[in-house]
Amino acid sequence: ERNSSGMTSSGAATITRSKATIIVSIVAVFFFSIVSVRNSSSWLSSYNQQFPLHNGHLQQRNGSVAAAIATVSVAAKSNINTELQQKFKTIINRNKTSTLGLHMCKCLTDDFPTTNANSIPHNNPKRLRWLHFPKTGTSFISTLWSYSCSTRDRYIDLNVNSQVCSNSPDGKRSALSMYDFVLMRRYPWEMYGAPNFIPDDSSTSSPPVGKDVSLGLVGGTQHGPLSPNLQDKQFLQSDRYKKLVNKHQLMRYGSELMTHNITVAAFFRQPEERIISAYKDALHANGFAGNDFKNFVTKVRGARNGQCKIGNRIYLNPVQCFANYPGIAGCMSRMLTGQKCADALFHEAGLENVAEAVDIILNHLDFVGLTEDWNESICQFHRLFSGRSDSVTGQRVWDQPLQREFANVHKSKKATIGVEELDGFRDVADTVVYEAAKLKFERMVGNERCYKFMSWDEIERDLVNNDNANTPFLNVDKDGSVCHPLTCSDLGKQCGEWDDGCGSTIICGICDGGRAGLPSTWRVQCVEGKCVDYCPTWEEKGLWFLSNDSPTIMKEVAQSIETREQNYLSPIEAFKICDVACRGKTGNVPANDVTKAFVDTNLCRCGNTTKALTNITLSDFSSAHDMMTTCGDSKMFKSLRALSINDTQPICCPPIDEEKLLIGKQWKRLYSVGGPKLEGSYFAHIHMGCGSLDECQDVAREKGAEIAVFDIISSYCHLARNVFELDNLFSVTKDNTRRYILDLRNPAKS
């Protein structure tokens, strides 16, 4: 359960900040350690040519630095074979959250050796940035989003499927595995994150100062690199700086670490394993785009036909072609130093970035996790950042992680590919980076590991012995029975907030309109814990939610088909109503005043009788919105693929043309980095039905809001007051792809 280095926090020497004496030494020593894999003299010669300033000489280092160098050297040698990898694989099982017991973090207490005032931050970070290397663990968003949106007694349910389901007005549908976007859409930051960070004090005359407000996760969840340090004179004089400027690819946001004092967290993964995972994930190469990506894909897919020639070598194995393609190796090294994962600019292997990358890891990153040691990494994150001061005792206390944080939510379904298929390929730059990350991780963990899996038998023995020191967070009744909190699925809920059966509130969130597979002109809202798809145009005329006050025409048409006993229609019933009404109008069925009048209301578009809903039941529609149902497994989502724009169907909302949406308006699009810099205390969240920017603006003015945020995906209009301006360009992380913001503080402009 340890790295082969065996280094601990007490034995680890302090790493100085001198790049010349440490970082280059680590790189050089590592190259000497891999002679069995590469010819060291040729690699060192190449390195000396690229970095003539250092000339390949190891400068004199003191004893403490030597200890660190030796540790990296030992770990590097161990990494040549797969023994350590296999060891991790047998120890760490993160394929699923076990129901046989509980994942525990035993270090979340003041008396744990490495958990004390000297080893953890006194205050939780005001801003947290996720440096998300591709294929190192999207599942980390479970911890990060819970960190923003959950409290001790009110927490989000992480047990949701990982697919983002989308649709368009013409019925085109897609389902992508993007668990981060799933969480952000179900639990919007304005509703569930902002209240935990931004005080809602309407009596305050002056807004808070941006730099003083905690905001949680900033900068997005996608694979954005760290911004380079533009105050580093050595970088400004480097060839890499000149190349980035010439290519117009230099990010000028200011360094998160050096300029803005943002806490940065990152997971690292064994480089060749990361590359294989990227290959399996549709040739994931963030940084390649347009013709660069097209040429890359063509060459990799043509490998079996002898079409992958790189340099003087032809690769017949696609995964070897992928790994050796110029610009693929060195992903982590580049992202640490201001470039994208895949190098479409210079097609280099990341060696020129190594020295700076290792310095950033050892001296500046606040949290380092290892994909191969996932469970321990999650516990360490909570140890460092999730503590809080008890309001009564003033002591620092922690809450245990949610069990879903230990699960792999983005598992590959493709056949396993072993490192041996790379035929000796090594990502040299990222191997050095990875060894530095392992060193930092071991120093962070210290003498005693935090993670422990406790079976229910062990927990029961502790309780019988009246010793629940390992499980102080468990809700135990007077008879000694452990209360098992219920999930949203256990409760049969798809949305809203509910008692979890153990005295806390579980948040099931809002409804996602794409789940059922209906065109994007439909809307969905939460009704008594169920997500109900509906047509706002029908609702406005009293023709969707049935009651004694519903128009006679609705009651009579509804009686002409088999309608279940409930107070609202289902989409299946609406389609049937339109089919009956349209066939009555065309003479295919006997016409009557009711059907003719109903069609004349322009609530149905008549066409071909749809075959999309054949053999679909009402329960199929309802289950499409269940928390754990994936779009690919949803019978409803699959069925509606057959829905044509020419089929008879209800007329719902007009489609939104985002290209024309902002013309002549003061609204601005939100971005994760570089967009509008306004935030505030959110006090209202209004579902707009068919309404869009204009309607959101009207209701914002009516309620005295200072800013309004409109989310096209959910049709929610979020209103805020006590507005303040952020002190940098790293915006709060949200599902920013379809959000727009309006500043209402200056009436003349808005």
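In the block above lies the structure referred to throughout.
Remember, predicted model here, so these are calculated numbers, not experimental data.

Moving on, we get to the overall build of the protein. Secondary structure assignment for the protein yields 27 helices and 24 strands. Within the protein, counting contacts between residues at least 6 apart in sequence, those at least 24 apart form 74% of the total. When the accessible surface of the protein is split by element, carbon and sulfur atoms take 47% of a total near 32,700 Å².

Adjacent strands of a sheet form backbone hydrogen bonds with each other and so pair up, either parallel or antiparallel. In space, the four strands of this open sheet follow the order 6-2-7-10, with parallel pairing throughout. In this open sheet, the two edge strands, each paired with only one partner strand, are strand 6 (216-218) and strand 10 (367-370). Recorded for the sheet is a direction-independent mean angle of 30° between the axes of neighbouring strands. As defined by bridge partners, strand 7 (residues 263-268) adjoins strand 10 across four bridges and the pair is classed as parallel. Opposite Phe 267, over in strand 10, you have Gly 369 as the bridge partner. Each of strand 2 (127-131), strand 7 and strand 10 touches helix 16 (residues 374-385); the most contacted strand, strand 10, lies at about 165° to it.

What follows concerns the sheet that holds strand 22 (residues 707-711). Strand order in the open sheet made by the five strands is 20-24-22-23-21, with antiparallel pairing throughout. The strands lining the two open edges of the sheet, one partner per strand, are strand 20 (668-669) and strand 21 (678-687). Relative to strand 23 (residues 716-725), strand 21 is paired through eight bridges, and the arrangement is antiparallel. Looking at strand 23, one finds that Ser 681 is bridged to Arg 721. Together, strand 21, strand 22, strand 23 and strand 24 (739-743) form the strand contacts of helix 27 (residues 693-702), whose direction differs from that of strand 22 by roughly 145°.

Let's shift gears to the environment of Glu 348. Note that Glu 348 resides in the loop between helix 14 (331-335) and helix 15 (354-363). On a C-alpha basis, the gap between Glu 348 and Arg 334 in space is 9.8 Å, while along the polypeptide they are 14 residues apart. Dropping the residues within four chain positions of it, Glu 348 is found in contact with Lys 243, Gly 327, Ala 329, Arg 334 and Asp 343.

With that settled, consider the state of the cysteines. Within the structure shown, the criterion is met by 12 disulfides. There is a disulfide in this structure between Cys 488 and Cys 508, and the S-S distance comes to 2.0 Å. Between Cys 488 and Cys 508, the disulfide has an S-S torsion of -105° and is therefore left-handed. Remark: Cys 508 occurs in strand 15 (residues 505-509) and Cys 488 occurs in helix 19 (residues 488-491); sequence separation between them is 20 residues. Take Cys 488 and Cys 508: they sit in the same class, and that class is buried.

The residue Gly 327 is located in the loop between helix 13 (318-324) and helix 14 in this model. Exposure remark for Gly 327: the relative accessible area of 4% places this residue in the buried category. Here the alpha-carbon distance between Gly 327 and Ala 349, two residues 22 residues apart in the chain, equals 5.8 Å.

This paragraph deals with the pairing of strand 1 (residues 101-105). Strand 1 sits mainly inside the fold: five of its five residues count as buried. With five bridges joining them, strand 1 and strand 13 (residues 451-455) adopt antiparallel strand pairing. Bridging from a neighbouring strand, Leu 102 pairs with Met 454 of strand 13.

Now for the pattern of salt bridges. A complete count under the given rule lists 22 salt bridges for this structure. One salt bridge connects Arg 129 with Glu 256, and the closest N-O pair in it is separated by 2.9 Å. Taken as a pair, Arg 129 in strand 2 and Glu 256 in the loop between helix 10 (239-246) and strand 7 lie far apart in primary sequence, 127 residues in all. By relative accessible area, Arg 129 is classed as buried at 3%. A salt bridge links Asp 423 to Arg 313; the shortest N-O distance between them is 3.0 Å.

Moving on: unusual backbone geometry. Unlike most non-glycine residues, His 347 shows phi in positive territory, near 55°. If you trace the backbone, His 347 turns up in the loop between helix 14 and helix 15. The phi dihedral of Asn 722 is positive, around 50°, even though this residue is not glycine. Relative to the elements of secondary structure, Asn 722 occurs in strand 23.

On to the nonpolar core. In terms of nonpolar packing, the biggest core is built from 100 residues, with Phe 140, Trp 145, Phe 268, Leu 336 and Leu 365 touching the most fellow members. A total of 11 residues in this core trace back to one element, the largest contributor, which is helix 17 (residues 428-445). Ignoring anything within four residues of it in the chain, the contact list for Phe 140 reads Trp 130, Ala 265, Phe 267, Phe 367, Trp 374, Ile 378 and Phe 381. The next biggest cluster of nonpolar side chains, apart from the first, holds 29 residues, and it includes Val 527, Ile 577, Cys 582 and Cys 604.

As for its position among the elements, Pro 326 is in the loop between helix 13 and helix 14. Looking at Pro 326, the relative accessible area reads 32%, which means it is partly exposed. Filtering out sequence-adjacent residues up to four positions away, Pro 326 remains in contact with Phe 288, Ile 310, Asp 343 and His 347.

Another point: the packing of helix 15 against helix 17. When two helices pack together, their arrangement is given by the angle between their axes and by how far apart the axes lie. It is at 9 Å that the axes of helix 15 and helix 17 come closest, and there the two elements cross at 15°. Classified by the angle between their axes, helix 15 and helix 17 sit roughly parallel to one another. By crossing handedness, the relation of helix 15 to helix 17 is classed as right-handed. On helix 17, the residues touching Val 354, Ala 357, Val 358, Ile 361, Leu 362 and Asn 363 of helix 15 are Ala 429, Val 432, Val 433, Ala 436, Ala 437, Leu 439 and Lys 440. Among the residues making up the contact of helix 15 with helix 17, the classes are represented as 11 nonpolar, one polar and one charged.

A few words on the pairing of strand 4 (residues 163-167). By the criterion of burial, strand 4 is predominantly enclosed, with four of the five residues buried. Sheet analysis places strand 4 next to strand 5 (residues 173-177), joined by five bridges and oriented antiparallel. Bridging across to strand 5, Val 164 finds its partner in Leu 176.

For the rest of this paragraph, the subject is helix 17. End to end, helix 17 covers 26 Å across 18 residues, agreeing with the expected 26 Å (1.5 Å per residue, within 8%). Across the 18 residues of helix 17, 17 count as buried, placing the element largely inside the fold. Looking at the residues trailing helix 17, positive phi occurs at Gly 446, about 85°.

So, on to the side chain of Arg 269. Of note, Arg 269 is situated in the loop between strand 7 and helix 11 (271-280). The side chain of Arg 269 is buried and forms no salt bridge, while Glu 372, the nearest opposite charge, is found at 4.6 Å. Polar side-chain contacts of Arg 269 include one of 2.7 Å to the backbone oxygen of Lys 135. In terms of polar contacts, Arg 269 uses its side chain to reach the side chain of Ser 277, at 3.4 Å. Other than its neighbours up to four places away in sequence, Arg 269 contacts Lys 135, Thr 136, Arg 274, Ser 277, Met 332, Thr 371, Glu 372 and Tyr 434.

Tallied over the entire structure, the rule returns 26 aromatic pairs. With centroids separated by 5.5 Å and ring planes inclined at 75°, the aromatic side chains of Phe 235 and Tyr 241 adopt a geometry described as edge-to-face. Of the residues examined, Phe 235 reaches a relative accessible area of 4% and is grouped as buried. According to the relative accessible area criterion, Tyr 241 is buried, its value standing at 19%. Considering the side-chain rings of Phe 545 and Tyr 568, the 6.1 Å spacing of their centres and the 55° angle between planes classify their relative orientation as tilted. Of this pair, Phe 545 sits in the loop between helix 20 (536-540) and helix 21 (552-559) while Tyr 568 sits in the loop between helix 21 and helix 22 (571-586), and the two are 23 residues apart along the sequence. Classification of Phe 545 as partly exposed rests on a relative accessible area of 24%. The ring of Phe 346 has Lys 243 lying over it, and the distance from NZ or CZ to the ring centre is 5.3 Å. Just above the ring of Phe 683 sits the side chain of Arg 721; from NZ or CZ to the centre is 4.3 Å.

Calculation notes
- Residues numbered from 1 in each chain as written.
- Predicted model: local features only at pLDDT ≥ 70, side-chain atom pairs only at ≥ 80, totals over all residues.
- Heavy atoms only, no water.
- Helix = DSSP H or I, 4+ residues; strand = E, 2+ residues; numbered from the N terminus.
- Contact = heavy atoms within 4.5 Å.
- Areas by Shrake-Rupley, 256 points an atom, 1.4 Å probe, with all protein chains shown as cover.
- Pairing = 2+ DSSP bridges.
- Axes fitted to C-alpha atoms, helices over the stretch in contact; angles between N-to-C directions.
- Disulfide = S-S within 2.5 Å.
- Buried < 20%, exposed > 50% of the residue type's maximum accessible area, 1.4 Å probe, protein only.
- Salt bridge = Lys/Arg side-chain N within 4 Å of Asp/Glu carboxyl O.
- Core = buried A, V, L, I, M, F, W, Y, C linked by side-chain atoms within 4.5 Å.
- Parallel < 35°, antiparallel > 145°, perpendicular 65-115°, else oblique.
- Left-handed = near helix turned anticlockwise from the far one by under 90°.
- Nonpolar A, V, L, I, M, F, W, Y, C, P; charged D, E, K, R; others polar.
- Expected span 1.5 Å × (residues − 1).
- Lys, Arg positive; Asp, Glu negative; His and termini not counted.
- Polar contact = N/O pair within 3.5 Å; in protein donor to acceptor, adjacent residues only side chain to side chain.
- Phe/Tyr/Trp six-rings, centres within 6.5 Å; stacked < 30°, edge-to-face > 60°.
- Lys NZ or Arg CZ within 6 Å of the ring centre and 35° of its normal.

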